[in-house]
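Below, each chain spelled out in residue letters.
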Amino acid sequence: AQSVTQLDSHVSVSEGTPVLLRCNYSSSYSPSLFWYVQHPNKGLQLLLKYTSAATLVKGINGFEAEFKKSETSFHLTKPSAHMSDAAEYFCVVSGSYKGLTGGGNKLTFGTGTQLKVEL
Amino acid sequence: SQTIHQWPATLVQPVGSPLSLECTVEGTSNPNLYWYRQAAGRGLQLLFYSVGIGQISSEVPQNLSASRPQDRQFILSSKKLLLSDSGFYLCAWSGGGNEQFFGPGTRLTVL
């Protein structure tokens, strides 16, 4: 079984200050991990993904995340927040479906972290 | 490049009425397709997934059904809507990698 825990439901930062959104995961095998962002009434956009290559993953819009196996963490960071970063962020772990030929992957979502950016 | 479309964008339906939401993907072949529901304060719930035409797997027993009549078309249906069916419905696709790519969503309100 796999799961993710997002440690903060709400994070508030000032524009220009660093962003840290925390995520811990649980997986019985080497996982694929993702961060998605969702702006109000929009679909989810993939920010970045970890798939067992480099442990420091760079994504879009200046975000990056570091995979730490010893801490089972995959925290999302950005050096300087922008007003446009205000959104909900989801940490996600991927596993495989069994049963149907051709496979398919199951995403397990965290409960989300609402990021607020203030002037 | 690949794109995913959903329609309608918003829908208001009375209790007991039927439902049909459509999702189409362009720019890829034989994608895996997924339907999710996002209810307020409850995160994303996987409803159905499909690895090919006519192959549908249901994750959660419910008032909804899904069909895949064509390779890049995924339809979510209901014969009689319930109040609890209200939510934000998201379609997604995946290819060779583990990541999924999401459509813009449909906001369904059942009154």
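Here is what the cut-offs are and how they apply
Residues numbered from 1 in each chain as written. Chains lettered and ligands numbered in written order. Predicted model: local features only at pLDDT ≥ 70, side-chain atom pairs only at ≥ 80, totals over all residues. Heavy atoms only, no water. Phe/Tyr/Trp six-rings, centres within 6.5 Å; stacked < 30°, edge-to-face > 60°. Buried < 20%, exposed > 50% of the residue type's maximum accessible area, 1.4 Å probe, protein only. Helix = DSSP H or I, 4+ residues; strand = E, 2+ residues; numbered from the N terminus. Core = buried A, V, L, I, M, F, W, Y, C linked by side-chain atoms within 4.5 Å. Contact = heavy atoms within 4.5 Å.

Describing the packing of aromatic side chains
Next up, step 1: What the rule picks out here adds up to 14 aromatic pairs over all chains.
Next up, step 2: An aromatic cluster is present here, built from Phe-34, Tyr-36, Phe-90 and Phe-109 of chain A together with Tyr-34, Tyr-36 and Phe-102 of chain B joined pairwise through their rings.

Remarks on unusual backbone geometry
Next up, step 1: In this structure, the amide linkage connecting Trp-7 of chain B to the following residue, Pro-8 of chain B, adopts the cis form with an omega of 0°.
Next up, step 2: In this structure, Asn-41 of chain A takes a positive phi of about 60° despite not being glycine.
Next up, step 3: According to the relative accessible area criterion, Asn-41 of chain A is exposed, its value standing at 53%.
Next up, step 4: The phi dihedral of Thr-72 of chain A falls on the positive side, at around 45°, and the residue is not glycine.
Next up, step 5: Along the chain, the position of Thr-72 of chain A falls in the loop between strand E8 (64-68) and strand E9 (73-78).
Next up, step 6: What makes Thr-72 of chain A partly exposed here is its relative accessible area of 33%.

Overview of the nonpolar core
Next up, step 1: Judged by nonpolar contacts, the single largest core of 26 residues is most densely connected at Trp-35, Leu-48, Phe-74, Leu-76 and Tyr-89 of chain A.
Next up, step 2: With four residues, strand E10 (residues 87-96) of chain A is the largest single contributor of residues to this core.
Next up, step 3: Excluding anything up to four places from it in sequence, Tyr-89 of chain A contacts Gln-6, Leu-21, Trp-35, Tyr-36, Val-37, Leu-47, Phe-63, Leu-76, Gly-112, Thr-113 and Leu-115 of chain A.
Next up, step 4: Among the nonpolar cores identified, the runner-up in size contains 19 residues, and Leu-47, Phe-48, Ala-66 and Leu-108 of chain B belong to it.

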